[in-house]
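A closer look at the structure
Next come the chains, spelled out residue by residue.
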Amino acid sequence: MTQGATPRQAHTALSSVESDLLYEVVDGQIVEKKPIGAYEILIGSFLNTCLDGFARASNCGRAVSEMLFDFGAELSQRRPDVAYVSCERWSRQRRVPRTQAWAVVPELAVEVISPSNTFEEVVSKVHEYFQAGVQHVWVVAPPQQQVYVYQSPSNIRVLNVQDELTGEPFLPGFRLRLSELFDVEAKEA
């Protein structure tokens with residue numbers, strides 16, 4: 001693929017990419033997502049289950065994991081570990097399209113840090129999410145048992161294992177204790 005290709009042009013190159021490859025489209029280039037560890041996958045899956053269960057029970061939206069989002073022309077296509085899309089942004093009566101990327105901007109994007117991530121990559125994604133119109137970004141740091149709650153690229157709250165994640169204002173009433181998310185009661189094998 002040539003430098004400067006649009007994200008849509010990058011999609012045409014996907015016929016040569018394996019269909020089960022997790023990728024993003026950054027600066028017109030298909031970039032394979034780095035591998036993530038088992039513990040990080042478990043955290044992302046648990047968070048997705050909690051968010052989606054609450055959203056569906058409240059009939060206010062849906063949570064997805066590893067969904068590729070098309071943020072529009074000239075923006076990257078990103079695949080957050082977990083994302084929440086409200087019914088206001090995508091009606092419950094409207095089916096999710098059968099395309100490789102969902103052309104909607106979620107209210108929430110979640111990145112679970114794994115050993116293969118660099119600080120620069122994570123900060124770059126946070127900035128791109130806000131540029132696309134995401135309202136909040138949660139960066140989950142399993143080794144530190146912390147969650148960085150971004151309300152903007154410069155407005156950040158750091159939550160520790162004794163704190164609670166809340167869905168305000170995009171998912172009112174959602175609460176999750178970080179001790180439950182990180183499963184600190186479990187003994188390591």
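Here the structure is shown first, and the text comes after it.
Description of the structure in this document.

What counts as what
- Residues numbered from 1 in each chain as written.
- Predicted model: local features only at pLDDT ≥ 70, side-chain atom pairs only at ≥ 80, totals over all residues.
- Heavy atoms only, no water.
- Helix = DSSP H or I, 4+ residues; strand = E, 2+ residues; numbered from the N terminus.
- Expected span 1.5 Å × (residues − 1).
- Contact = heavy atoms within 4.5 Å.
- Salt bridge = Lys/Arg side-chain N within 4 Å of Asp/Glu carboxyl O.
- Buried < 20%, exposed > 50% of the residue type's maximum accessible area, 1.4 Å probe, protein only.
- Pairing = 2+ DSSP bridges.
- Axes fitted to C-alpha atoms, helices over the stretch in contact; angles between N-to-C directions.

A short note on helix H3 (residues 119–132)
Taking 1.5 Å as the rise per residue, H3 with 14 residues should run 20 Å; its terminal C-alpha atoms sit 20 Å apart, in good agreement. Gly133 sits one or two positions beyond H3 and adopts a positive phi of about 115 degrees.

Describing the environment of Tyr150
Positionally, Tyr150 belongs in strand E9 (residues 146–152). A C-alpha to C-alpha distance of 8.2 Å links Tyr150 and Val126, two positions 24 residues apart in sequence. Contacts of Tyr150, omitting those with residues within four sequence positions, involve Val126, Phe130, Gln135, His136, Val137, Val139, Asn155 and Ile156.

Concerning the pattern of salt bridges
When the charged atoms of two side chains lie near each other, side chains of opposite charge can form a pair. Here the structure, examined in full by the defined rule, presents five salt bridges. The residue Asp52 makes a salt bridge to Arg56 at a minimum N-O spacing of 2.9 Å. Taken together, the residues Asp52 and Arg56, both in helix H2 (residues 38–57) and four residues apart, mark about one turn of the helix. On the accessibility criterion, Asp52 (16% relative accessible area) is buried. The residue Glu164 makes a salt bridge to Arg175 at a minimum N-O spacing of 2.9 Å. Placement of Glu164 in strand E11 (residues 164–166) and of Arg175 in strand E12 (residues 175–177) is noted, with a sequence separation of eleven residues between them. Owing to a relative accessible area of 51%, Arg175 belongs among the exposed residues under this scheme.

Overview of the sheet that holds strand E7 (residues 108–112)
With mixed pairing, six strands are arranged side by side in an open sheet as E3-E6-E7-E8-E9-E10. Each end of this open sheet is capped by a strand with a single partner; those strands are strand E3 (61–65) and strand E10 (155–159). The mean inter-strand angle of the sheet, taken between neighbouring strand axes irrespective of direction, is 15 degrees. Where E9 and E10 come together, five bridges link them in antiparallel fashion.

Structural notes on H2
Count 3.6 residues to each turn of an α-helix, and residues three or four apart come out pointing the same way. Over its 20 residues, H2 extends 28 Å from the first C-alpha to the last, a length consistent with the 28 Å expected when each residue adds 1.5 Å. Considered for burial, the residues of H2 that qualify are Glu40, Ile43, Gly44, Leu47, Asn48, Cys50, Leu51, Asp52 and Ala55.

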